[in-house]
Amino acid sequence: MDLLALKRSLMPMSGPQDMGGGGGSAPANTTSTSTQTSELPEWARGYAKDTLAKGAALTDVSQNPYQTYSGDRIAGFSPMQQQAMQNAQGMSVAPQIGQATAA
């Protein structure tokens, strides 16, 4: 059974066809598909094969096993950042604020 015949057998019938009388059948919709293949140009074949071979070698786990990163994941503070934090820690309320509050 071809695909079109299978589709027709699965589609529900409606209208006069259900009653068994009158009416003709609608024309079948047919679709054709063509596939076209082409080769790479001769000058590009070497480049393509080389690129595919390199990609295959890079993704081959037996040749390049996964290596975990063992270095620091977060950078430490620079001396300037440390100095800025120490300066911020030593800050206090300006004396003018206290005088304005008392007034």
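Residues numbered from 1 in each chain as written. Predicted model: local features only at pLDDT ≥ 70, side-chain atom pairs only at ≥ 80, totals over all residues. Heavy atoms only, no water.

1. Observations concerning the overall build of the protein
And then number 1: Scanning the protein for helices and strands turns up 5 helices and 0 strands.
And then number 2: Reading the helices (α) and strands (β) of the protein from amino to carboxyl end gives α-α-α-α-α.
And then number 3: Evaluated residue by residue, the protein yields a buried proportion of 1% over its 103 residues.
And then number 4: If you sum the accessible surface of the protein, you get close to 10,300 Å²; carbon and sulfur atoms cover 58% of it. (Helix = DSSP H or I, 4+ residues; strand = E, 2+ residues; numbered from the N terminus. Buried < 20%, exposed > 50% of the residue type's maximum accessible area, 1.4 Å probe, protein only. Areas by Shrake-Rupley, 256 points an atom, 1.4 Å probe, with all protein chains shown as cover.)

2. Here's the deal with the pattern of salt bridges
And then number 1: Overall, the coordinates contain 3 salt bridges when judged by the stated rule.
And then number 2: In this structure, the salt-bridge partner of Asp50 is Lys54, at a minimum N-O distance of 3.3 Å. Of this pair, Asp50 and Lys54 both sit in helix 3 (residues 42–59), 4 residues apart, roughly one helical turn.
And then number 3: Here Lys54 falls in the exposed class, since its relative accessible area comes to 51%.
And then number 4: One salt-bridge network, in which partners are shared between bridges, spans Glu39, Glu42 and Arg45. (Salt bridge = Lys/Arg side-chain N within 4 Å of Asp/Glu carboxyl O.)

3. A word on the confidence of the model for the protein
And then number 1: The share of residues in the protein with pLDDT of 70 or more is 78%, and the mean pLDDT across the chain is 81.
And then number 2: Element-level pLDDT for the protein is lowest in helix 2 (residues 16–19), with a mean of 51, against a maximum mean of 95 in helix 4 (residues 79–89). (pLDDT = per-residue confidence, 0-100.)

4. Structural notes on the environment of Phe77
And then number 1: Looking at where Phe77 falls in the secondary structure, it is placed in the loop between helix 3 and helix 4.
And then number 2: Taking relative accessible area as the criterion, Phe77 reaches 56% and is therefore assigned exposed.
And then number 3: Beyond its immediate chain neighbours, meaning those up to four positions away, Phe77 contacts Gln82 and Met85. (Contact = heavy atoms within 4.5 Å.)

5. Focus on helix 3
And then number 1: With 18 residues, helix 3 extends 27 Å between its outermost C-alpha atoms, agreeing within 8% with the 26 Å of an ideal straight helix rising 1.5 Å per residue.
And then number 2: Counted residue by residue, helix 3 has 1 buried out of 18 residues, so it is predominantly exposed. (Expected span 1.5 Å × (residues − 1).)

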